[in-house]
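# Report on the structure
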Amino acid sequence: MANSKEMTRGAVFPLLFSFTMPLLLGNLLQQTYSLIDAAIVGKFLGINSLAAVGASTSVIFLILGFCNGCCAGFGIPVAQKFGARDYATMRRYVAVGLQLATVMSVVIAAVSGFYCRDILRGMQTPGNIFDGAYDYLFVTFIGIPCTFFYNLLASIMRALGDSKTPFWFLLFSTVLNVFLDLFCILVLGWGVMGAAIATVFSQGLSAILCYLYMLRKFPILRATSSEDRRFHAGLARTLLAMGVPMGLQFSITAIGSIMLQSANNALGTACVAAFTSAMRIKMFFMCPLESLGIAMATYTGQNYGAGKPERIWMGVKVSALMMIIYWAFTFCVLMLGARTFALLFVEASELEILKDTELFLHISVSFFPVLGLLCILRYTIQGAGYTNLAMLSGVSEMIARVLVSLYAVPAFGYLAVCFGDPTAWIAAVLFLVPAFIFVYRRLLRMRREQ
């Protein structure tokens, strides 16, 4: 059955490491999407076009973050039933998840596309980059069904312990995106809109191929009766109870990011361009931390289903050790090479943008251990099914970013923008540590009562 894998037995480190590596490579490829888009736009279309792409970053994270969070949440019951070896219910969860995804993605695409111009106005997007930002944002929103379905299918396969197959489809999509970026921008002359079209088309094709592969290579997911295919309201409620809080957690976090980006937009085009390039680089180096978290969600879900909470705690400790080792490496790289990475996006003559990008990255990487702990604990709590607690950690992040945007940025300018994310990470971790202790103790008590 393809590459499905149970993580309810065996040594924890090799299990988590082997499962995390394809996730890491996949996340790096997803960030390569953003890096390539921004690098090609910045080099061939100029600083204003780069700023136009960056001006919509937080809004895209708001909407796509909700979609991706829902997809991750829909995968949790699948992982739990796989760990419990209840394959019939697992198949029904998959079918209902696909039905929900169809309705939700179309509605979200229509509503967000209709309001995207108003959103950009509310974010104080500078007039000289407004049209480009709108074009990029509108195409991205219309392509939401493509993103939604790829992420849902990838989440389902990861729930079964297969993190390799989604990586191969993402690799195909990334390579295709590179060629389409160059073709749409340099040959067709579609500008910023061309970068968005290339990304949406690549993700859509990847989603179709992923679905066809899953039908053929995962017989455990094939419907064996009409009962497996029909809509089950009870299962839908469970999926929504898992997925919507996870989606809201991303969106709530993004609201704070939008506030921070709006405050930064008001500082001028140079600060917007520096923020754009720095965010792309930061997101790239954040990938391993996010990947560890996603791995812990699947690992926790399977062990929760199997009734093995002690393995969940072992997984948290192993993940924390891996995170610290990675941070030590990344700290050295970004402290020494931040300006070199910034040259991927802007010319060497743009000294102010280079300096601001370097400052942002130096501050961010210093707080990566806090971010790593945030990812591990949040996804572990989600994997155990306590998605509402994870959502509340997103509220903590949002409040911190809003306070920085309203009070610190007007007083301290771009320096406060650089501290916006680290402040939010600290606020979230202060909530997540006691939340994890509560969840773990509850799981131990539930196991003893069985």
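About the cut-offs
- Residues numbered from 1 in each chain as written.
- Predicted model: local features only at pLDDT ≥ 70, side-chain atom pairs only at ≥ 80, totals over all residues.
- Heavy atoms only, no water.
- Helix = DSSP H or I, 4+ residues; strand = E, 2+ residues; numbered from the N terminus.
- Rg over C-alpha atoms; globule rule 2.2 N^0.38 Å.
- Buried < 20%, exposed > 50% of the residue type's maximum accessible area, 1.4 Å probe, protein only.
- Contact = heavy atoms within 4.5 Å.
- Areas by Shrake-Rupley, 256 points an atom, 1.4 Å probe, with all protein chains shown as cover.
- Salt bridge = Lys/Arg side-chain N within 4 Å of Asp/Glu carboxyl O.

A count of helical and extended segments in the protein gives 17 helices and 0 strands. In terms of C-alpha radius of gyration, the protein reaches 21 Å, essentially the compact-globule figure of 22 Å for 450 residues. Taking the principal axes of its C-alpha atoms as reference, the protein extends roughly 65 × 45 × 35 Å. Counting only residues that meet the buried cut, the protein has 58% of its 450 residues in that class. Summarising the internal contacts of the protein: among those between residues at least 6 apart in sequence, 85% fall at separations of at least 24. Working note: accessible area of the protein is about 17,300 Å², and carbon and sulfur atoms make up 69% of it.

Throughout the structure, instances matching the rule amount to 6 salt bridges. With its nearest N and O atoms 3.3 Å apart, the salt bridge here joins R339 to E358. On the criterion of sequence distance, the pair formed by R339 in helix α12 (residues 309–342) and E358 in helix α13 (residues 351–366) is long-range, its members being 19 residues apart. Between R401 and E397 there is a salt bridge whose closest N-O contact spans 3.2 Å. Within this pair, R401 and its partner E397 are both found in helix α15 (residues 387–412), separated by 4 residues, close to a single helical turn. Accessibility assignment for this pair places R401 and E397 in one class, buried. Each of K282, R378, E397, R401 and D421 takes part in a single network of salt bridges with overlapping partners.

Mapping L186 onto the fold places it in helix α7 (residues 164–187). Owing to a relative accessible area of 45%, L186 belongs among the partly exposed residues under this scheme. For the pair L186 and F19, spaced 167 residues apart in sequence, the C-alpha to C-alpha distance is 38 Å.

Here we come to the environment of S291. Along the chain, S291 falls in helix α11 (residues 269–305). In this structure S291 comes out as buried when scored by relative accessible area, which is 0%. Sequence separation of S291 and N27 is 264 residues, and the distance between their C-alpha atoms is 7.0 Å. In contact with S291, other than residues within four places in its own chain, are T20, L23, L24 and N27.

Limitation: the analysis is restricted to geometry and does not speak to function.
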